[in-house]
Amino acid sequence: MARDILLAAVIGAQGLKGEVRVKAFTQSPDALARYGALHDGKGRGFTISALRSSTPGEAVIAFDGVATREAAEALKGVELFVARESLPAPGEEEFYHADLIGLRAEDELGRLLGTVSALHNFGAGDVIEIAGTYGDHIHLPFTRETVPVIEIAKGRIVIAMPDFVEGGEVE
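Residues numbered from 1 in each chain as written. Predicted model: local features only at pLDDT ≥ 70, side-chain atom pairs only at ≥ 80, totals over all residues. Heavy atoms only, no water.

Q: Looking at this model, I keep getting lost on the nonpolar core. Mind explaining?
A: The tendency in soluble globular proteins is for nonpolar side chains to be buried as a group. One finds Val20, Val22, Leu32, Phe63, Leu75 and Leu80 to be the most contacted residues of the largest nonpolar core, which totals 24 residues. Those elements that place two or more of their residues in this core are β1 (4-14), β2 (19-24), β6 (58-63) and β7 (79-83). In terms of residue count, β1 provides more of this core than any other element does, 5 residues in total. Here Leu80 is in contact with Ile5, Leu6, Leu7, Ala8, Val10, Val22, Leu38, His39, Phe46 and Phe63, once residues within four sequence places are set aside. By size, the runner-up hydrophobic cluster in this structure holds 15 residues, among which are Leu103, Ile130, Val147 and Ile159. (Core = buried A, V, L, I, M, F, W, Y, C linked by side-chain atoms within 4.5 Å. Buried < 20%, exposed > 50% of the residue type's maximum accessible area, 1.4 Å probe, protein only. Helix = DSSP H or I, 4+ residues; strand = E, 2+ residues; numbered from the N terminus. Contact = heavy atoms within 4.5 Å.)

See the structure below:
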């Protein structure tokens with residue numbers, strides 16, 4: 001199944017000529033221009049006509065057809081995606097977060113805990129969200145200690161349940 005990869009989110013307008021500020025989820029904000037046209041969740045396309053890095057993790061972008069501050073302000077909150085196949089293949093021991101969504105989450109004994117439903121970063125590091133088998137959700141630090149095994153080809157990850165999770169189980 002082809003997946004879209006979230007590369008950036010518009011966080012506001014910049015100036016009077018239609019530029020927008022974006023939070024980039026790429027290693028370098030300059031990388032946003034490498035993948036061609038971006039699109040939002042509704043399929044609306046955005047072609048970058050100019051890009052410059054600003055503060056760390058952010059960039060200022062001019063899109064074709066967005067020429068006024070009002071048009072730029074209307075884009076606030078828009079998430080910008082690229083088709084998964086547009087990205088280079090990850091290296092050994094690398095993966096895209098989107099490749100983890102939907103994988104089985106098992107404990108170290110192979111018992112099903114649920115499925116990976118999301119990865120988040122609220123500012124203090126990556127957090128993996130597991131949708132439990134009974135509709136519950138648990139958020140865990142996304143570290144090698146908590147997720148020691150990632151086997152995308154086998155469709156699973158292994159969770160070493162931290163002590164702070166009551167009973168060591170997803171309830």
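What follows picks up the thread again.
Q: Before we go on, may I ask you to explain the pairing of strand β5 (residues 48-53) in this structure?
A: Pairing geometry for β5 and β6, over 5 bridges, is antiparallel. Looking at β6, one finds that Ile48 is bridged to Phe63. Between β5 and β6, which pair antiparallel and follow one another directly, the connecting turn spans 4 residues, one of which, Gly57, has a positive phi of 80°. (Pairing = 2+ DSSP bridges.)

Q: For this particular structure, what's the right way to read the sheet that holds strand β8 (residues 104-107)?
A: Strand pairing within a sheet occurs via backbone hydrogen bonds; the two strands may be parallel or antiparallel. The mixed open sheet is built from 6 strands, whose spatial order is β11-β10-β9-β8-β13-β12. The open sheet has two edge strands, β11 (137-141) and β12 (149-151), and neither has a second partner. Within this sheet the neighbouring strands show an average axis-to-axis angle of 35°, counted without direction. Bridge count between β8 and strand β13 (residues 156-159): 4 bridges; the pairing is parallel. What sits directly across from Asp107, in β13, is Ile159. (Axes fitted to C-alpha atoms, helices over the stretch in contact; angles between N-to-C directions.)

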